[in-house]
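Commentary on secondary and tertiary structure
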Amino acid sequence: MTGPASKDVDPTDPEYRDVGEGLLDEEMGPSSAMAHLYRGEIHRMKLWRERLDRTTNWAVIVMAAIITWAFSSPNNPHYILLIGVATLSVFLVIEARRYRGYEIWRTRVRILQENVWAYGLDPSAGVVDPDWRKKLSEDYRAPTIKISAEEAIAHRLRRVYLPLFGILLAAWLVRITAFSPEPWVESAAIGMIAGTLVLVIVGLFYLSTIIIACRPRTWHAKGELRAEDLREQRRKK
């Protein structure tokens, strides 16, 4: 027995619109397809969340090891801290890529939460997105990245890496000032690279990270609990 062709299906027809009807009934069994779908998406989202956490953990461990070694002896070169900044940047790029993958699964979970489970708990509020079925169907047919690489980097900078970069910068400044008998501009030199040039490069790098993290933008990440969102929700209440 075959079902109707996709072109003959009217998405406003109750037969097809109310796909979530009965999901929260007491007699609903564990074989519910939608329940299994939601459970699977939660599991995928959890796995990608753990991948993000592992990257962050390694970044913190490597940063702590570099700072410890840099201050273990006055003879250790200060530029090891700048190598730490470069290493942390690599972790940032890796984590941003994983964050973009994580956002695929989280977006699906939020669509189901907003339009199926929330609707089942309180039908009077309606659904958040009347076209949620079409969007979710298209995403299952052809999964797409939901956010840009720049936005992913901005998220991870705000949440984790900007403070870590700040700690490394503070450690480097202390290392070239309090631990060096030379003027701090001269002590910032690396081999034949003048200290002034090193300071300019470091300053430009940190300025770029602040701009990426803090510039005004339209956020596309689904359900990101940013401080701006929480303040906006509080004002509406």
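Residues numbered from 1 in each chain as written. Predicted model: local features only at pLDDT ≥ 70, side-chain atom pairs only at ≥ 80, totals over all residues. Heavy atoms only, no water.

A few words now on the packing of aromatic side chains. Counted according to the given criterion, the structure contains five aromatic pairs. Considering the side-chain rings of F165 and F205, the 5.4 Å spacing of their centres and the 80 degrees angle between planes classify their relative orientation as edge-to-face. With a gap of 40 residues between them, F165 in helix α5 (residues 149-177) and F205 in helix α7 (residues 195-214) connect regions that are remote in the sequence. The exposure class assigned to F165 is buried, which follows from its relative accessible area of 0%. Among the aromatic residues, those joined into a cluster by ring pairs are F165, F205 and Y206. (Phe/Tyr/Trp six-rings, centres within 6.5 Å; stacked < 30°, edge-to-face > 60°. Helix = DSSP H or I, 4+ residues; strand = E, 2+ residues; numbered from the N terminus. Buried < 20%, exposed > 50% of the residue type's maximum accessible area, 1.4 Å probe, protein only.)

What follows covers the packing of helix α3 (residues 79-121) against helix α4 (residues 132-141). At a minimum axis distance of 11 Å, the contact between α3 and α4 shows a crossing angle of 155 degrees. With respect to each other, α3 and α4 are oriented roughly antiparallel. Like other packed secondary-structure pairs, α3 and α4 cross with a definite hand, here left-handed. Contacts between α3 and α4 involve R108, I111, L112, N115 and V116 from the first element and W132, L136, D139 and Y140 from the second. Residue classes in the contact of α3 with α4 are distributed as six nonpolar, one polar and two charged. (Axes fitted to C-alpha atoms, helices over the stretch in contact; angles between N-to-C directions. Parallel < 35°, antiparallel > 145°, perpendicular 65-115°, else oblique. Left-handed = near helix turned anticlockwise from the far one by under 90°. Contact = heavy atoms within 4.5 Å. Nonpolar A, V, L, I, M, F, W, Y, C, P; charged D, E, K, R; others polar.)

Turning to the confidence of the model for the protein chain, a few remarks are in order. In this model, the protein chain carries an average pLDDT of 81, and 80% of its residues clear a pLDDT of 70 or more. Low confidence marks residues 1-6, where pLDDT is under 50. Its contacts with residues over four positions away, or in another chain, come to two contacts. In the model, residues 26-31 has pLDDT below 50 throughout and makes four contacts with residues more than four positions away in sequence or in other chains. (pLDDT = per-residue confidence, 0-100.)

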